[in-house]
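Tertiary structure, described
Residue-level listing of the chains:
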Amino acid sequence: MRSIIIAAALALSAMTAQAAEPIEGNWKTASGATAQIAPCGGAFCVTLKSGKFNGKQIGKMSGSGDSYKGEITDPETDKTYAGSGSVSGNSLKMKGCVMAVLCKSQTWTRL
């Protein structure tokens, strides 16, 4: 009985680890630009790779699995907000907030 419980726990943890989607990669933003999310230091940097602000780093996030937190900058206004991101399949929901009350969200698509 004990070995069955251990086997079930191992199988469940393997499925959980497999279900976590990485944030790394190239994403199409709401404006149509391409953003690359890649490791930098102990976090993940968000850098625009196309469009009007090509080459500009617009964020830095920490986390793992499908949940990330950090800062995100609106390249149009150059204002930085507390940010978060959550990955679900090929979608990344990015959220930026001022004082944790006034928030804007965008959904990006994995390229």
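Counting restarts for each chain: residues are numbered from 1 in the order of the written sequence. The predicted origin of the model limits local features to residues at a pLDDT of at least 70 and limits the giving and counting of side-chain atom pairs to 80 or more, whereas totals for whole chains, interfaces and linings rest on all residues. Side-chain metrics rest on all non-hydrogen atoms present in the structure, leaving aside hydrogens and water.

Remarks on the pattern of salt bridges
The line we're drawing: By definition here, a salt bridge exists when the distance from a side-chain nitrogen of Lys or Arg to a carboxyl oxygen of Asp or Glu is within 4 Å. Helix numbering and strand numbering both begin at the N terminus, where a helix is a DSSP run of H or I of at least 4 residues and a strand a DSSP run of E of at least 2.
Summed over the entire model, instances satisfying the criterion amount to one salt bridge. Residue aspartate 78 pairs with lysine 56 through a salt bridge whose shortest N-O separation is 2.9 Å. Highlighted residues: aspartate 78 in the loop between strand 5 (67–74) and strand 6 (79–88) and lysine 56 in the loop between strand 3 (43–48) and strand 4 (57–64), separated in sequence by 22 residues.

Notes on the state of the cysteines
To keep it simple, the criterion reads: Here, two cysteine sulfur atoms that lie within 2.5 Å of each other are counted as a disulfide. Only protein chains enter the accessibility calculation, which uses a 1.4 Å probe. A residue is then buried if its area is under 20% of the maximum for its type, exposed if over 50%, and partly exposed in between.
Taken as a whole and judged by the stated rule, the model has two disulfides. Disulfide pairing places cysteine 97 opposite cysteine 103 at an S-S distance of 2.1 Å. The disulfide joining cysteine 97 to cysteine 103 has a torsion of about 110° about its S-S bond and is therefore right-handed. Residue classification places cysteine 97 among the buried positions, given a relative accessible area of 13%. Overall, cysteine 103 belongs to the partly exposed group, its relative accessible area being 35%. When the cysteines of the protein chain that form disulfides are numbered from the N-terminus onward, they connect as 1-2, 3-4.

Looking at the environment of valine 98
Its place among the elements puts valine 98 in strand 7 (residues 91–98). Since its relative accessible area comes to 33%, valine 98 is described here as partly exposed. Separated by 17 residues in sequence, valine 98 and tyrosine 81 place their C-alpha atoms 6.0 Å apart.

Overview of the environment of valine 46
Quick note on the threshold: Contacts are assigned to residue pairs that have any heavy atoms within 4.5 Å of one another.
Tracing the sequence through the fold places valine 46 in strand 3. Look at valine 46 and you get buried, because its relative accessible area is 1%. As for valine 46 and glycine 25, which are separated by 21 residues in sequence, their C-alpha atoms are 9.7 Å apart. The contact partners of valine 46, leaving out residues within four places of it in the chain, are Ala35, Gln36, Ile37, Lys56, Gln57, Ile58, Gly59, Met61 and Trp108.

A word on a nonpolar patch on the surface
We count it as follows: The patches reported here contain residues having more than 30% relative accessible area and no salt bridge. Joining distances are 9 Å for like charges and 5 Å for nonpolar side chains (Val, Leu, Ile, Met, Phe, Trp, Tyr). Residue burial considers only the protein chains on display, and all accessible areas are found by Shrake-Rupley using a 1.4 Å probe.
Side chains of Val98, Met99, Val101 and Leu102 sit close together on the surface and give an oily, nonpolar patch of about 440 Å² of accessible area. The residue leucine 102 is located in strand 8 (residues 102–110) in this model.

With respect to the confidence of the model for the protein chain
Filter applied, for reference: For every residue, the pLDDT score states the predictor's confidence, bounded by 0 at the bottom and 100 at the top.
Summary statistics for the protein chain give a mean pLDDT of 84 and a share of 82% for residues scoring 70 or more. Predicted confidence is poor over residues 1–19, with pLDDT under 50, and the contacts of this stretch with residues over four places away or in other chains come to zero contacts.

Regarding the pairing of strand 1 (residues 25–28)
Our working definition: At least two bridges found by DSSP between two strands are what make those strands a pair.
Of the strand pairs in this sheet, strand 1 and strand 2 (residues 34–40) are connected by four bridges, and their pairing is antiparallel. Considered in strand 2, the bridge of asparagine 26 is made with glutamine 36. Here strand 1 folds back onto strand 2 in antiparallel fashion, the turn holding five residues, of which glycine 32 has a positive phi close to 100°. By the bridge criterion, two bridges tie strand 1 to strand 8 in an arrangement that is antiparallel. What sits directly across from lysine 28, in strand 8, is threonine 109.

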